[in-house]
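The primary structure of each chain is shown beneath.
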Amino acid sequence: VLRASEQTDTGIFAMYATVLEDASKVSDSAGRIVQSLVEILLATSVHSALPISGLRAFLSPSLQISADEFDQVILRLKPVIRLAPLARAECTPKTNESSSNSVDVDSRDIPGDSSSLVAGAYHASFLDFAGSSTFLRTDEESVKNPYWTAPGDIQRSMAVGCLQIMKDGARVKGPSGGSSTGL
């Protein structure tokens, strides 16, 4: 992950915190959804974007999130995540030196068919923010980043998510029409 300068941390990290706080107000469970999405983006966005369906699949089933609630959270996160059509999956984070030929997706494209989109960090500095346990809220005030999760916890969460996705994907209809694992 690229490291942003401390001078940049103050303004941009505070902006990222504000965007995440706003997205957390969508519903009672939105705060946990935002936290999970930040973790997933931190784990996956360094190298490539993840389809929206993949982001949703990695969310814990205990969150019991509706498609509408998920779409509303994603819409509120647009200032920090880049959405692009799946066919043009160039959605890696921008750095100050790079430009991307990804297509910014209008918010009207999300509800109804978010399955055709991929999401990734809009800029590498968002990954710096997500990976920092503290940041400067002002020039002198260092605060704990409420959206930070220890790397080991993220890896564990991603491993559990992968196993859950494989388990769910391994279920096939048996000859009697019932569900079986196919194993």
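Computed from a predicted structure; not experimentally measured.

Draft legend 1. Highlighting helix α2 (residues 30–44). Relative to the 21 Å expected for 15 residues at 1.5 Å per residue, α2 spans 21 Å between its end C-alpha atoms, a close match to the ideal helical length. Within α2, 12 of the 15 residues are buried, leaving the element largely enclosed by the surrounding structure. Within α2 the residues assigned to the buried category are A30, I33, V34, Q35, S36, L37, V38, E39, I40, L41, L42 and T44.

Draft legend 2. The arrangement of the pairing of strand β3 (residues 117–121) in detail. With respect to burial, β3 is a largely interior element, five of its five residues being buried. As paired elements, strand β1 (residues 50–51) and β3 share two bridges and run antiparallel to each other. Its bridge partner being in β3, P51 is matched across the sheet by V118. Strand direction decides the pairing type here: strand β2 (residues 81–85) and β3, joined by five bridges, are antiparallel. Residue pairing across strands places R82 opposite G120, the latter belonging to β3.

Draft legend 3. Examining the packing of aromatic side chains more closely. Applying the stated criterion to the full structure yields five aromatic pairs. Note on Y16 and F126: the rings are 5.2 Å apart at their centroids and 90 degrees apart in plane angle, and the pair reads as edge-to-face. Taken together, the positions of Y16 in helix α1 (residues 6–23) and F126 in helix α5 (residues 124–130) put the pair 110 residues apart, joining distant regions of the chain. With respect to burial, Y16 and F126 carry one shared label: buried. Taken together, the aromatic side chains of F13, Y16, F126 and F129 make up a single cluster linked through ring pairs.

Draft legend 4. Local environment of the nonpolar core. The biggest cluster of nonpolar side chains holds 40 residues, and the ones touching the most others in it are L20, L37, L55, F126 and F129. Listed by contribution, the elements that provide at least two residues to this core are α1, α2, α3 (52–58), α4 (67–76), β2, β3, α5 and α6 (151–170). Examining the composition of this core, we find that eight residues originate from one element, α2, more than from any other. Apart from the residues within four sequence positions on either side, L55 is in contact with L37, I40, L41, L50, F70, I74 and A119.

Draft legend 5. Molecular detail of the pattern of salt bridges. Scanning all chains against the criterion turns up two salt bridges. Taking the shortest distance from any N to any O, the salt bridge between D22 and R76 comes out at 3.6 Å. Here D22, found in helix α1, pairs with R76, found in helix α4; they are 54 residues apart in sequence, far enough to count as distant. What makes R76 partly exposed here is its relative accessible area of 33%. Ionic pairing is found between R156 and D153, a salt bridge with its closest N-O pair at 2.6 Å. Pair noted here: R156 and D153 are both in helix α6, with a separation of three residues, about one helical turn.

Draft legend 6. Expanded view of the sheet that holds β3. Overall, antiparallel pairing links the three strands, which are arranged β1-β3-β2 in an open sheet. Edge strands, defined here as strands with exactly one partner in the open sheet, are β1 and β2.

Draft legend 7. Seen up close, the layout of surface pockets. Of the volumes computed, that of the largest pocket is approximately 220 Å³. Lining the largest pocket, in full, are S36, E39, I40, A57, F58, L59, S60, P61, S157, V160, G161 and Q164. Counting only elements with at least two residues in the lining of the largest pocket, the list comes to α2, α3 and α6. If you tally residues by element for the lining of the largest pocket, the top one is α6, at four residues. Among the residues making up the lining of the largest pocket, the classes are represented as six nonpolar, five polar and one charged.

Draft legend 8. Unusual backbone geometry, seen in detail. Despite not being glycine, Q64 shows a phi value in the positive range, around 45 degrees. Given a relative accessible area of 71%, Q64 falls into the exposed group.

Basis of the calculations
Numbers given to residues run from 1 along each chain, matching the order in which its sequence is written. Local features in this predicted model are restricted to residues whose pLDDT is 70 or higher, and side-chain atom pairs enter the listing and the counts only when it is 80 or higher, whereas totals over whole chains, interfaces and linings include all residues. Side-chain metrics in this entry use all non-hydrogen atoms of the structure; hydrogen atoms and water are not considered. Each helix is a run of DSSP H or I of at least 4 residues and each strand a run of E of at least 2, with the numbering of both proceeding from the N terminus. Expected span of a helix, by definition, is 1.5 Å for each gap between consecutive residues, and there is one gap fewer than residues. Each residue is assigned to one of three classes by its accessible area relative to the maximum for its type, calculated with a 1.4 Å probe on protein chains only: buried under 20%, partly exposed between the two thresholds, exposed over 50%. Whether two strands pair depends on DSSP finding at least two bridges between them. Any pair of Phe, Tyr and Trp rings, taking the six-membered ring for Trp, is counted once the centres come within 6.5 Å. Such a pair is stacked with planes under 30 degrees apart, edge-to-face with planes over 60 apart, and tilted for the rest. Within this scheme, the nonpolar core is defined by two criteria: the residues are buried Ala, Val, Leu, Ile, Met, Phe, Trp, Tyr or Cys, and they are joined through side-chain atoms within 4.5 Å. Should any heavy atoms of two residues lie within 4.5 Å, those residues are counted as being in contact. We define a salt bridge as a contact between a side-chain nitrogen of Lys or Arg and a carboxyl oxygen of Asp or Glu at a distance within 4 Å. Cavity: a set of points on a 1 Å grid over the protein atoms alone where a 1.4 Å probe fits but cannot get out. Pocket: an open set with protein on both sides within 12 Å along at least five of seven lines, its lining residues, like those of a cavity, having an atom within 4 Å of a point. Grid points are joined across faces, edges and corners, and a volume is the space filled by probe spheres set on the points. Residue polarity is assigned by list, with Asp, Glu, Lys and Arg as charged and Ala, Val, Leu, Ile, Met, Phe, Trp, Tyr, Cys and Pro as nonpolar; anything else, Gly included, falls into the polar class.

Purely geometric stuff here, so don't read any function into it on its own.
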